[in-house]
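Structural description and commentary
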Amino acid sequence: MAVQTEREPQTAGELIRFWRNQRRLTQMELALDANLSAKHVSFVETGRSRPSRQLLVHLAQHLDLPIAERNRLLLAGGFAPPYLEQPYDGELMQPLRESLSRLLEAYEPNPALIVDGLWNVIESNRAAALLWDGVDPELLEPPVNLLRLGVHPGGLPRISSMTAACNAPLIHRLKRRSREDADPALAELIEEVESYLPGEPPTSPATQPVVSLELQTPAGPVELFTVIATLGAPLEVTAANLAIETFLPMNAESAARLARLRDGG
């Protein structure tokens, strides 16, 4: 018995319809938002009208497409993609790569690293070695995945006070993003790491403004919280998916111990 599956959208019109449904918009709602007629949107989706480059860019903006999908939409419409798509270690990315390396170095003695869209570590400063000193060696097989490292029992929960529940807010945000961006690779990763989360959310009231973890180090326990930053206005697909995560001390004692670790090599 044959199983019928939905065909992957190929044409510009099919992609517009896919992303409109992904955003839970009717043709009328998209038309009103984009200042078009519903009839025009319908003709574009069915292929009765060939959209211009300007119209595709306009619709991509109102549908809030990820920049990789904007490239795909323009290519499907027969136009050059508007955004670059280069490997992180490529020549064109060298100035950005060098600036980010300087940023990581400037964060020392605080651990800091850069992850890609799937939370694989692609660069880190020297202090970041504290985050995997003593974890299960299997988790350090490249590429090291920071999300998996944070929830796996052999990862950060093994060398710190962090539990899988500490990462639940981030995992839930990423799960929502995987749905909104129709990202199957991210959805697969989230499905894996969700298996480490507790069945019930914590019920005890919060006692501090942010989640922190106490990390065991050679200089003694260090209490850290994290800050996650992204690039402000990326024009390249790889750059758009980068995130910089920094682990900052929660108190003066932790800051002093991090400094001693740096000075002691």
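For the structure, check the block above.
Okay, so let's go over this structure. Every value quoted in this text rests on a predicted model; they were computed, and no experiment measured them.

Remarks on the side chain of Asn120
Here Asn120 lies in the loop between strand E1 (112-115) and strand E2 (121-124). Exposure remark for Asn120: the relative accessible area of 15% places this residue in the buried category. The contacts of Asn120, once residues within four sequence positions are left out, are Ile114, Val115, Pro143, Val144 and Asn145.

Regarding the pattern of salt bridges
Evaluated as defined, the whole model comprises seven salt bridges. Across the pair Lys175 and Glu194 runs a salt bridge, and its minimum N-O distance is 3.1 Å. Taken together, the positions of Lys175 in helix H9 (residues 168-180) and Glu194 in helix H10 (residues 184-194) put the pair 19 residues apart, joining distant regions of the chain. Residues participating in the shared-partner salt-bridge network are Glu8, Glu69 and Arg72.

Remarks on the packing of H9 against H10
Packing of H9 against H10 leaves a shortest axis separation of 9 Å and a crossing angle of 150 degrees. In this view, H9 runs roughly antiparallel relative to H10, as classed from their interaxial angle. Here H9 runs over H10; the crossing is left-handed. Here Ile171, His172, Leu174, Lys175, Arg177 and Ser178 of H9 come into contact with H10, specifically with Leu186, Ala187, Ile190, Val193 and Glu194. When its residues are assigned to classes, the contact of H9 with H10 shows six nonpolar, two polar and three charged.

Let's talk about the packing of aromatic side chains
For the coordinates displayed, the defined rule picks out one aromatic pair. Ring centres of Phe18 and Trp19 lie 5.3 Å apart, and the angle between their planes is 90 degrees; this geometry places the pair in the edge-to-face category. The class for Trp19 is buried, based on a relative accessible area of 2%.

Comments concerning the sheet that holds strand E3 (residues 213-217)
As summarised here, the arrangement of the five strands in space is E2-E1-E5-E4-E3, forming an open sheet in which the pairing is antiparallel. Each of the sheet's edge strands pairs with one partner strand only, and the pair in question is E2 and E3. Within the sheet, the average angular offset between the axes of one strand and its neighbour, ignoring direction, is 35 degrees. The strands touched by helix H6 (residues 94-107) are E1, E2 and strand E5 (243-249); relative to E1, the strand with the most contacts, the crossing angle is about 150 degrees.

Quick look at the packing of helix H4 (residues 53-62) against helix H5 (residues 67-76)
Following both chains from N to C, one finds H4 and H5 inclined at 150 degrees, their axes separated by 10 Å at the closest point. The angle between H4 and H5 places the two elements in the roughly antiparallel class. As for how H4 packs across H5, the hand of that crossing is right-handed. Here Arg53, Leu56, Val57, Ala60 and Gln61 of H4 come into contact with H5, specifically with Arg70, Leu73 and Leu74. Classifying every residue of the contact of H4 with H5 by side-chain character gives five nonpolar, one polar and two charged.

Calculation rules
Residues numbered from 1 in each chain as written. Predicted model: local features only at pLDDT ≥ 70, side-chain atom pairs only at ≥ 80, totals over all residues. Heavy atoms only, no water. Helix = DSSP H or I, 4+ residues; strand = E, 2+ residues; numbered from the N terminus. Buried < 20%, exposed > 50% of the residue type's maximum accessible area, 1.4 Å probe, protein only. Contact = heavy atoms within 4.5 Å. Salt bridge = Lys/Arg side-chain N within 4 Å of Asp/Glu carboxyl O. Axes fitted to C-alpha atoms, helices over the stretch in contact; angles between N-to-C directions. Parallel < 35°, antiparallel > 145°, perpendicular 65-115°, else oblique. Left-handed = near helix turned anticlockwise from the far one by under 90°. Nonpolar A, V, L, I, M, F, W, Y, C, P; charged D, E, K, R; others polar. Phe/Tyr/Trp six-rings, centres within 6.5 Å; stacked < 30°, edge-to-face > 60°. Pairing = 2+ DSSP bridges.

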